[in-house]
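Structural overview for review
Each chain is listed here by its residues.
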Amino acid sequence: MYKMILRLDVGSRAEDARLKNADGKDVSLSDYIGRSNLVMIFFLGGFDLHSMRSLRDFIDRYQDLRELGADVIAITPELPGKVKTITENLKPPFTLLSDPELDSVRKYDVYNPTTNWTWPAAFIIDKDGVIQYAYRGASPPNVPDLGYITMKLRQMAGAK
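The following refers to the structure shown.

So, about the pairing of strand β1 (residues 18–21). Bridge analysis of β1 against strand β2 (residues 26–28) gives three bridges, and the strand direction is antiparallel. When the bridges of β2 are listed, leucine 19 appears paired with valine 27. Linking two consecutive strands that pair antiparallel, namely β1 and β2, is a turn of four residues; a positive phi of about 80° is found at glycine 24 within it. In terms of strand pairing, β1 meets strand β5 (residues 95–98) through two bridges, oriented antiparallel. Directly across from lysine 20, in β5, lies its bridge partner serine 98.

See below:
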């Protein structure tokens, strides 16, 4: 019987990764720890209709997430030039990051070996750097449920 063992799941300490933003500048995930809760989403890229729809939902609801004490970053394996194009087109109020080496994709157990790409995924990392929520979609259109993420952030805000 095959058993999937996840390195990083709810209760685990988040791992750092250094990725490039739309301007080609390095951004570390650790830059966000301690500032606020962090919603980290992995999306397939600009070519995937479901990922782009999900990304737009996060853009539209960003202020609601901020009011719940969270920031957002979105990670794709696409090259920095593609991330720049998506950023210019959608003008997200949060940072999009490029992970063409699949560093964070592998660390967060969202690597799809069949496509050598990422699965749609989302994590909520609290201010202390502990993963409080983990979602891994098996394939598109399985994208993170923004309603559930919002509910989880409400619970986290009420608990403190």
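After presenting the structure, the write-up continues.
With four bridges connecting them, strand β4 (residues 70–76) and β5 associate as parallel partners. In the sheet register, alanine 74 faces β5, and the bridge partner there is leucine 96. Note that the unit made of β4, helix α3 (residues 80–90) and β5 has a crossover that is right-handed.

Bringing empty space enclosed by the protein into the picture now. The final tally for this structure, using the stated rule, is one cavity of 30 Å³ or more. When its volume is computed, the largest cavity comes out at roughly 40 Å³. When residues of the lining of the largest cavity are traced back to their parent elements, those giving at least two are β3 (37–42) and α1 (49–60). Of the residues forming the lining of the largest cavity, the biggest block, three residues, is contributed by α1. Residues that form the lining of the largest cavity fall into these classes: eight nonpolar, two polar and no charged.

Basis of the calculations
- Residues numbered from 1 in each chain as written.
- Predicted model: local features only at pLDDT ≥ 70, side-chain atom pairs only at ≥ 80, totals over all residues.
- Heavy atoms only, no water.
- Pairing = 2+ DSSP bridges.
- Helix = DSSP H or I, 4+ residues; strand = E, 2+ residues; numbered from the N terminus.
- Right-handed = clockwise from strand over helix to strand, strands pointing away.
- 1 Å grid on protein atoms, 1.4 Å probe; cavity = no way out; pocket = protein on both sides within 12 Å on 5 of 7 lines; lining within 4 Å.
- Points joined across faces, edges and corners; volume = space filled by probe spheres on them.
- Nonpolar A, V, L, I, M, F, W, Y, C, P; charged D, E, K, R; others polar.

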